[in-house]
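Descriptive structure summary
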Amino acid sequence: MTEAVDTTAALEAPVSADAIWQSATKVCRITDFLPAPTAEGLLQRAVSAERDDLLPARVRGNHLDTRTRSSLAHRGFSAPELLTAIDAVVGQVERVLGVSCAGTRPAFTLNVHNDGDFYRAHQDVSPHDVASGLAAAKRVVTFVYYLHRTPAPFTGGALRMYDSALPLNVHHDGLRREDCTYRDYAPDHNSVVFFLPSALHEVMPVSCPGGGHANSRFAINGWLCRTDAS
Ligand SMILES: O=C(O)CCC(=O)C(=O)O
Ligand SMILES: [Fe+2]
């Protein structure tokens, strides 16, 4: 039996101008993504990265900003086996996220978080990038593939995905970060996540008291980027 609902009162009440509208951000997450020996091989390459190749990670626009981001990045790291696997699932990712990756090319770095490292809340593409025609504006999909020794030699380091919120994505006034709901994703070894680069996200601080490069939280983080031709 359906009950009649009186909506008159609701219609007469004005919608609060301060209301924050939130909706869960879509994330495709795949665990045990690569065959275990392939993941192990990638981890070994990450562990044996040359010290000289690891430079302080930069924020969008190629700036060093240690209050926003603390980690090391290896820009020349190669991971063809990961790219092949991403290619194999891109159709499903497109369907879930509602974008087309046709004509895109991957660009990525190996990111290394150790004790005390973090990456504060940010977007991989902002409306400003698009307005200014910055290279980041070509990012169509973000991917992050995680690697670490097992059991994890660190704690923390979750990927925090904030729910999309109005007015957050329109203008920043009036919306405090504390008001935003979110979901945390564990950076489990051999798992990968895909999301839209406009989504607000954060790497929670990593605790790795013993330090040591080999004990780091490794992530191959990149984007499927529109090419000039696409
Ligand atoms: O390592 C992660 O979980 C995400 C890193 C990230 O957001 C980035 O490099 O833009
Ligand atoms: Fe990011």
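As the structure is a computational prediction, the values presented were derived from the model and not from experiment.

Summed over all chains, the structure comprises 2 aromatic pairs. Ring centres of Y162 and Y182 lie 5.9 Å apart, and the angle between their planes is 70°; on these two criteria the pair is classed as edge-to-face. Here Y182 lies in strand β12 (residues 182–185) and Y162 lies in strand β10 (residues 159–162), a separation of 20 residues in the sequence. Here the basic side chain of R120 rests over the ring of F118, its NZ or CZ set 4.0 Å away from the ring centre. Seen from the ring of Y182, R160 lies directly overhead, with NZ or CZ sitting 3.7 Å from the centre.

In spatial order, the strands read β2-β13-β8-β16-β6-β5-β3; together these 7 strands make up an open sheet with antiparallel pairing. Where the open sheet ends on each side, the last strands, each with one partner, are β2 (28–30) and β3 (55–56). Of the strand pairs in this sheet, β3 and strand β5 (residues 72–74) are connected by 2 bridges, and their pairing is antiparallel. When the bridges of β5 are listed, P56 appears paired with L72. The sheet strands contacting helix α2 (residues 36–47) are β6 (104–113), β8 (139–147) and β16 (217–226), and the helix crosses β8 at an angle near 90°. Strand contacts of helix α3 (residues 80–97): β2, β6, β8, β13 (192–195) and β16, with the helix running at about 125° to β8, the strand carrying the most contacts.

This part takes up the nonpolar core. Counting residues in each nonpolar core, the largest one holds 34 residues, and the members touching the most others are F33, L42, L82, Y145, F194 and I220. At the level of secondary structure, the elements contributing two or more residues to this core comprise α2, α3, β6, β8, β13 and β16. The dominant element in this core, judged by the number of residues it contributes, is α3, at 7 residues. Counting 10 residues, the second largest nonpolar core, distinct from the first, contains V27, Y146, Y185 and F195.

Strand order in the open sheet formed by 5 strands is β4-β7-β14-β10-β12, with antiparallel pairing between adjacent strands. Bordering the open sheet on either side are β4 (69–70) and β12, each of which pairs with just one other strand. Relative to strand β7 (residues 118–122), β4 runs antiparallel, the two sharing 2 bridges. Paired with S70 across the two strands is F118, which belongs to β7.

With that settled, consider the environment of H213. Structurally, H213 is set in the loop between β15 (206–207) and β16. On the basis of relative accessibility, which here comes to 24%, the residue H213 falls in the partly exposed class. For the pair H213 and S48, spaced 165 residues apart in the sequence, the C-alpha separation amounts to 8.9 Å. Excluding residues within four positions of it along the chain, H213 makes contact with A46, V47, A49, L54, V112, N114 and F218. For H213, the side chain forms a polar contact with the main-chain oxygen of A46, separated by 3.0 Å.

Below, the discussion takes up the site of ligand 1. Around ligand 1 sit 13 residues in total, of which R69, Y146, H201, R217 and N221 are the nearest. Contact between ligand 1 and D124: an oxygen atom at 3.2 Å from a side-chain N or O atom of the residue. Within the side chain of R217, an N or O atom sits 2.7 Å from an oxygen atom of ligand 1. Notes on ligand 1: free accessible area 300 Å², of which the protein chains cover 98%. Of all elements in the fold, only β7, β8, β14 (201–203) and β16 reach the threshold of two or more residues within the shell around ligand 1. Classifying every residue of the shell around ligand 1 by side-chain character gives 6 nonpolar, 4 polar and 3 charged.

The rules behind each value
- Residues numbered from 1 in each chain as written.
- Chains lettered and ligands numbered in written order.
- Predicted model: local features only at pLDDT ≥ 70, side-chain atom pairs only at ≥ 80, totals over all residues.
- Heavy atoms only, no water.
- Phe/Tyr/Trp six-rings, centres within 6.5 Å; stacked < 30°, edge-to-face > 60°.
- Helix = DSSP H or I, 4+ residues; strand = E, 2+ residues; numbered from the N terminus.
- Lys NZ or Arg CZ within 6 Å of the ring centre and 35° of its normal.
- Pairing = 2+ DSSP bridges.
- Contact = heavy atoms within 4.5 Å.
- Axes fitted to C-alpha atoms, helices over the stretch in contact; angles between N-to-C directions.
- Core = buried A, V, L, I, M, F, W, Y, C linked by side-chain atoms within 4.5 Å.
- Buried < 20%, exposed > 50% of the residue type's maximum accessible area, 1.4 Å probe, protein only.
- Polar contact = N/O pair within 3.5 Å; in protein donor to acceptor, adjacent residues only side chain to side chain.
- Near = heavy atom within 4 Å.
- Areas by Shrake-Rupley, 256 points an atom, 1.4 Å probe, with all protein chains shown as cover.
- Nonpolar A, V, L, I, M, F, W, Y, C, P; charged D, E, K, R; others polar.

Everything listed is a geometric property; what it means functionally is a separate question.
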